[in-house]
Amino acid sequence: MDNPILTLDKGTRCTAWNYSGQRLAAGLADGALAIYDSTDPASSTFSCTSRFKVQESSILRIVWVPPEYGDVVACVTADGTLSLWEEVVEDTEGPQWRLCKCFDRNTSQILDVQFGNNGTCLKLVAAYSDGQVKIYELLDTLELGKWQLQAEFQNVIDLVSKYSNASCLSASISWNPQRSEVQQSNFVLGFNSNIPPLNSAKVWEFDLDHQRWLPVAELSSPEDKNDQVYAVAWAPNIGRPYELIAVATDKEISIWHLGSNPDPDGRLSVQKVAMLSGHGSEVWQMEWDISGMTLASTGSDGVVRLWQSNLNGVWHEQAVLAPAS
Amino acid sequence: MPGVTSDSGELNSLSVVPHSSDTQSPIVYPLRNHGLSPPLIRLSISWARGNTLRVSFLQSEEHNVVGKVVEVKLTNTDGGEITDAQRRRIEYGSVAPFALLQSHKNSSITSLYDKDWWERVMEYSKEISSLLGDSKSSAAPIIGDPKAVLRKMEEPTSLRAAWELLEIFYVDKHCQTWIPERLLDWLADFDCLFSGNQPTVHAKLVAFQEELVTIQAVENDPEYWQAMSSALAVGWLDVVVKLLRLHGSYLFDQLGSREIENGLVEAVALLISQMPRMRPYLLAEKLGESYQTKPEFMKAWEKWRAQITKLDCSAFWLQCDHQKTRDGLKNMLQIMLGNASILSNVTYHWIELYISHFLYIRPFTVGLESMYTLAQKCMNLKPILYRHKLMGLIIGILEENTEVVLAECSRSFGPWMTTHAIELLTAGSIQAETLLHEQQSKLGGICIEELHRLVYAQILSSHALTWNIAAIYLTSCMKQGLGLLENLLYKQPVQHHQVLLKSIEICRLNGLDFVSCNMMKIAGVHYWKHGKKGSAVFWLQQARDELRLNRIAKHLFDFVGKSISDEGFKQWEGMIELLGTESKTAGGLEFLKKYRDFRRSLQQVHEGITTEAAQKAAEALISLMRNPSTPQQFWLPLLHDSLKLLNWKERPLINVSQTNILLNKLQDLSLARLRPGFVETDLPPEALKSIRLALATNLGRAILNE
């Protein structure tokens, strides 16, 4: 029932599928990026169509930019740089990948980067190893080289505190996948760091009136506040009255309901609806399906686990995809 | 898929079981190694179409081997009974009846409880069931070959068996008075399904059929009598009579010596073929006499039973020399007289025993009364060795427990079955209606019916050949269908033209304009970046994306704003032509069309044409310079290109006020130069001077002229 669809080159460090699942970008240890394509929409066979050098150091992470901006990938490399590469056709030559932006390298490394698209503008959130979060905005819809730094903050509820000597191993960002143009853009972010207040997953929302980003919810119970967060995932909402967010810490995967109406302080109500344990160790990645009903997770135990809620609203482990020994 | 869970019996199925939420253990899908050896440094996951998950296996450096990506389909429900192609045929075929039923529902809400609503559902059910296979009875005798007792035919599917069961019990109100007979017909069609793992009457008959050709005198073979008793017990009268006629006493050379024996065989055969049946009609090849009303039937039954008793007590038995015939026939009479222990001996599966009870022990059962108690009794007598997937469903139906029926449909037959069977369950049952249509906050505010449709649509969307029919099911969902449809559409690869057109059509039918706009936007940007500028502008215009169109207009200005002799302009002409029709959507692009016209008339002037043509070109120039959408960066090149018009020898082409406008523009330009963001043209430095001079000269000539 598992069907091999492509073979990755030696030294592949990370992979990412584009929005339609028709292209795969793979980052290699030698700093090269490989693109695999399928020939037609019904086909499930893929072959490498281009391969080019991004950096001298290993590629750690690849993220596709929303398709409204073209075929563009963001690459985070081991030396801490972030660059955007775009596929274009110029003159009579075939498609070429060209560098369209290299973000300035500062002293800290980029741990995660995610793009948020609310119809009219593209935003980029980057989380750094010193605990800083930066948000950039694209200035020109057709030119991915022009970005403006919109905000810079730390992942803390109390906006006054500043932690200068943070050291973070990983970070995870997930935008609200809703595409509505009226709704404000928001995302959830968590760190795995040595500064407990930075760790817990928090929901950030752009406050139009004051033109700034504000934390509107914290997804952790008082006793788990300082737990290191490995991964977060915001579920697609096809019509539920609440949002669904999964947070993986060093203890468990928790599922949260996030209310939509803020209280007078601007905070959104949160409710932890499930505590799921399974991977037993580090969770690498969590992904929701298109209906937001099934959560898939992977971890250092080397298996994929699928989680669902039953008819009584109880979350449970539905299936395990384990490599046959 | 909330509530989707596993069943230990069916490893590969995902199903909804509401009544056993606490003791579930996850299904394990083994992933083959594909030559990879641990340790893996990383697994990476991504959802592809619908319920498909893609897993990347990344290997650590020192192992120096390649990585793999595998695709796992998370639904595989039929356990191999139905091939993929057959399943798709069923999926496609069921769309039309489903959609028709929904539209009937929407057009007449009140008639849902009308007495003829079930007839609509019945039509729907018949259409669906015709997709699931042939309906010919496998126990029908063949006329040609006297020794062929059973007709060989395609193996029926459990799916069809399950569908027919639901139809019998939930939809067909006509058959409520003769359910036992319907069940008998059902078993005749599907008894073979149970043969795989345990003995059944059907299996015994098949085995005997194979032996039959080699047997000389059948009446001496105990198997012969056993096969007939079994067939008689489950009511396959035609088979029994056909077998009886193979009796040796019918042979011409035997007839004289075995007259009495033959008379008894024929008497039993006659009685069997005259058995009264409580049903409105019988198919031509079936035996028995049908009665529509209970009193008539009871009367006929009593008479028939009296005849059997009379035959049983007849003196002729003593004169019958052939012992096997005597015992065999007597045994068959006992079956018809309802001898419980003999019935139990000659049947194998509990459901066969169950049918035999209805036929010979409780012939007057009408409707569902105490059917479940009897089923339990039969199950105690014939314990289930292997639990066939139909069993749970039958028990659920007899228990009259809709929840169990639904759970069994889902567990054993998958989301296609559940989605379509819900229409049968709710036909006229208020209790089922409440259960399935009640909105539940635990499910995020949707009802169970909608949940199943969403789950099914997600499975349809897993395949490139079926994703487009998912829309039909999603639009029948009250609350979350359109949300899922949106997400599904956003995942379509729009750079494939056919996919884009199909998606736009689906959006149009469902009022999802903003989704189709977004898809056209993605396509437009894709084409723009991939050198297909014409298609790009076309799709962006369709998407009414002014932001990007204005941006493209600016881009085009940079190209076309060169001098008139520039060959490059030619390559843009076609594109500007394309922009023409709908260029109102972007102000900047409207300018381009005027500019193109101006360039054409100017070209004619350069080729040395009349004053009249020059006058037209001059008017075009003024109109362009007056138009607020003409970008500033074009002012100077426009004037520079028109020097010949300004210096027209025969007479000034531009009057005083027009010249003043042009001079003002020149003034604005020199002020604009001081502001940031000014775009410097690449004209020679003396260009400005010569324009000023030409304008001044023209002004003088115009004043004189006026």
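For clarity, every value in this text was computed on a predicted model and none was experimentally measured.

Colleague: Lay out the nonpolar core with the relevant residues and their values.
Modeller: Residues L166, W186 and Y354 of chain B are the most contacted members of the largest nonpolar core, which totals 192 residues. L166 of chain B has contacts with V171, L393, I397, V405, C409, M417, A421, L424 and L425 of chain B, leaving out every residue within four places of it along the chain. Within the second largest apolar cluster, 21 residues are counted, among which are V72, A74, L84 and I110 of chain A.

Colleague: Run through the pattern of salt bridges, naming residues and quoting values.
Modeller: Inspection of the entire model under this criterion finds 39 salt bridges over all chains. Across the pair E86 of chain A and K529 of chain B runs a salt bridge, and its minimum N-O distance is 2.4 Å. Placement of the pair is E86 of chain A in strand β8 (residues 82-88) and K529 of chain B in helix α24 (residues 513-529), with the two residues belonging to separate chains. Members of the salt-bridge network, linked through shared partners, are D224, D227, K251, E252 and K272 of chain A.

Colleague: Describe the UniProt feature "repeat: WD" (unreviewed entry) in chain A, naming the residues involved and giving the relevant values.
Modeller: The feature "repeat: WD" (unreviewed entry), as annotated in UniProt, sits at residues 276-308 of chain A in this numbering. For the annotated span residues 276-308 of chain A, helix accounts for 0% and strand for 55% of the residues, and the straight-line distance between the end C-alpha atoms is 11 Å.

Colleague: Describe the interface of chain A and chain B, with residues and values.
Modeller: How big an interface is tends to be stated in terms of the accessible area lost upon association of its parts. At the interface, 81 residues of chain A touch 85 residues of chain B. For the pair chain A and chain B, the summed buried area comes to about 7,600 Å², and 58% of that belongs to carbon and sulfur atoms. Applying the counting criterion to the chain A and chain B interface returns two salt bridges. The salt bridge involving D140 of chain A is made with R551 of chain B; its shortest N-O contact spans 2.6 Å. Linking chain A to chain B there are 22 residue pairs in polar contact (both at pLDDT 80 or more). Residue assignment for the side of chain A that touches chain B shows that the elements contributing at least two residues are β1 (2-8), β2 (12-17), β8, β13 (143-154), β22 (283-288), β23 (294-299), β24 (304-309) and β25 (315-323) of chain A. Per element, the largest residue contribution to the side of chain A that touches chain B is eight residues, and it comes from β25 of chain A. For the side of chain A that touches chain B, a count of residues per class yields 38 nonpolar, 27 polar and 16 charged.

Colleague: Give me the lowdown on the sheet that holds strand β5 (residues 46-53) of chain A, citing residues and values where you can.
Modeller: Residues and elements named next belong to chain A. Spatial strand order, β2-β3-β4-β5: four strands in an open sheet with antiparallel pairing. Because the sheet does not close on itself, it has two edges, and the strands there are β2 and β5. Each strand of the sheet is rotated relative to its neighbour by a mean of 20°, with strand direction disregarded. As paired strands, strand β4 (residues 32-38) and β5 are joined by seven bridges and run antiparallel to one another. The partner of A32 across the bridge, within β5, is K53.

Colleague: Lay out empty space enclosed by the protein with the relevant residues and their values.
Modeller: Residues and elements named next belong to chain B. Evaluated as defined, the whole model comprises 12 cavities of 30 Å³ or more. Roughly 140 Å³ of internal volume is contained in the largest cavity. Lining the largest cavity are 18 residues, and of these P180, E181, F358, L359 and P363 lie nearest its centre. At the level of elements, α5 (179-194), β7 (276-278), α11 (294-312) and α15 (350-361) are the ones that each hand at least two residues to the lining of the largest cavity.

Colleague: Can you tell me about the environment of A171 of chain A, naming the residues and giving the values?
Modeller: On the secondary structure map, A171 of chain A appears in strand β14 (residues 168-175). Once the C-alpha coordinates of A171 of chain A and Q211 of chain A are considered, the two residues, 40 residues apart in sequence, prove to be 25 Å apart.

Colleague: Any chance you could break down the pairing of strand β18 (residues 229-234) of chain A for me, citing the residues and the numbers?
Modeller: Residue and element names in this part refer to chain A. Most of β18 sits out of view: six of its six residues are buried. As paired strands, β18 and strand β19 (residues 243-249) are joined by five bridges and run antiparallel to one another. Each residue of the ladder has a partner; that of A233, found in β19, is A246.

Colleague: Lay out the sheet that holds strand β12 (residues 132-140) of chain A with the relevant residues and their values.
Modeller: Residues and elements named next belong to chain A. The strand order β10-β11-β12-β13 describes an open sheet built from four strands, whose pairing is antiparallel. Edge positions in the sheet fall to β10 (110-117) and β13, since each has one partner strand and no second. Neighbour to neighbour, the strand axes of the sheet diverge by 25° on average, direction disregarded.

Colleague: Please provide a residue-by-residue account of helix α29 (residues 611-626) of chain B, values included.
Modeller: With 16 residues, α29 of chain B extends 22 Å from end C-alpha to end C-alpha; this agrees with the ideal 22 Å at 1.5 Å per step. All buried positions along α29 of chain B are accounted for by T611, A613, A614, Q615, A617, A618, L621, I622, L624 and M625 of chain B.

Colleague: Before we move on, can you summarise the packing of helix α18 (residues 402-425) of chain B against helix α19 (residues 430-437) of chain B with the specific residues and values?
Modeller: Residue and element names in this part refer to chain B. Running from amino to carboxyl end, α18 crosses α19 at an angle of 100°, the nearest separation of the two axes being 13 Å. By the angle class used here, α18 and α19 are roughly perpendicular. In this structure, α18 uses T402, E403, L406, I422 and L425 to contact α19, whose residues at the interface are Q431, A432, L435 and L436. Class assignment for the residues of the contact of α18 with α19 results in six nonpolar, two polar and one charged.

What counts and what doesn't
- Residues numbered from 1 in each chain as written.
- Chains lettered and ligands numbered in written order.
- Predicted model: local features only at pLDDT ≥ 70, side-chain atom pairs only at ≥ 80, totals over all residues.
- Heavy atoms only, no water.
- Core = buried A, V, L, I, M, F, W, Y, C linked by side-chain atoms within 4.5 Å.
- Buried < 20%, exposed > 50% of the residue type's maximum accessible area, 1.4 Å probe, protein only.
- Contact = heavy atoms within 4.5 Å.
- Salt bridge = Lys/Arg side-chain N within 4 Å of Asp/Glu carboxyl O.
- Helix = DSSP H or I, 4+ residues; strand = E, 2+ residues; numbered from the N terminus.
- UniProt positions renumbered as here; feature names shortened; annotations may be inferred.
- Buried area = accessible area lost by both parts, 1.4 Å probe.
- Polar contact = N/O pair within 3.5 Å; in protein donor to acceptor, adjacent residues only side chain to side chain.
- Nonpolar A, V, L, I, M, F, W, Y, C, P; charged D, E, K, R; others polar.
- Pairing = 2+ DSSP bridges.
- Axes fitted to C-alpha atoms, helices over the stretch in contact; angles between N-to-C directions.
- 1 Å grid on protein atoms, 1.4 Å probe; cavity = no way out; pocket = protein on both sides within 12 Å on 5 of 7 lines; lining within 4 Å.
- Points joined across faces, edges and corners; volume = space filled by probe spheres on them.
- Expected span 1.5 Å × (residues − 1).
- Parallel < 35°, antiparallel > 145°, perpendicular 65-115°, else oblique.

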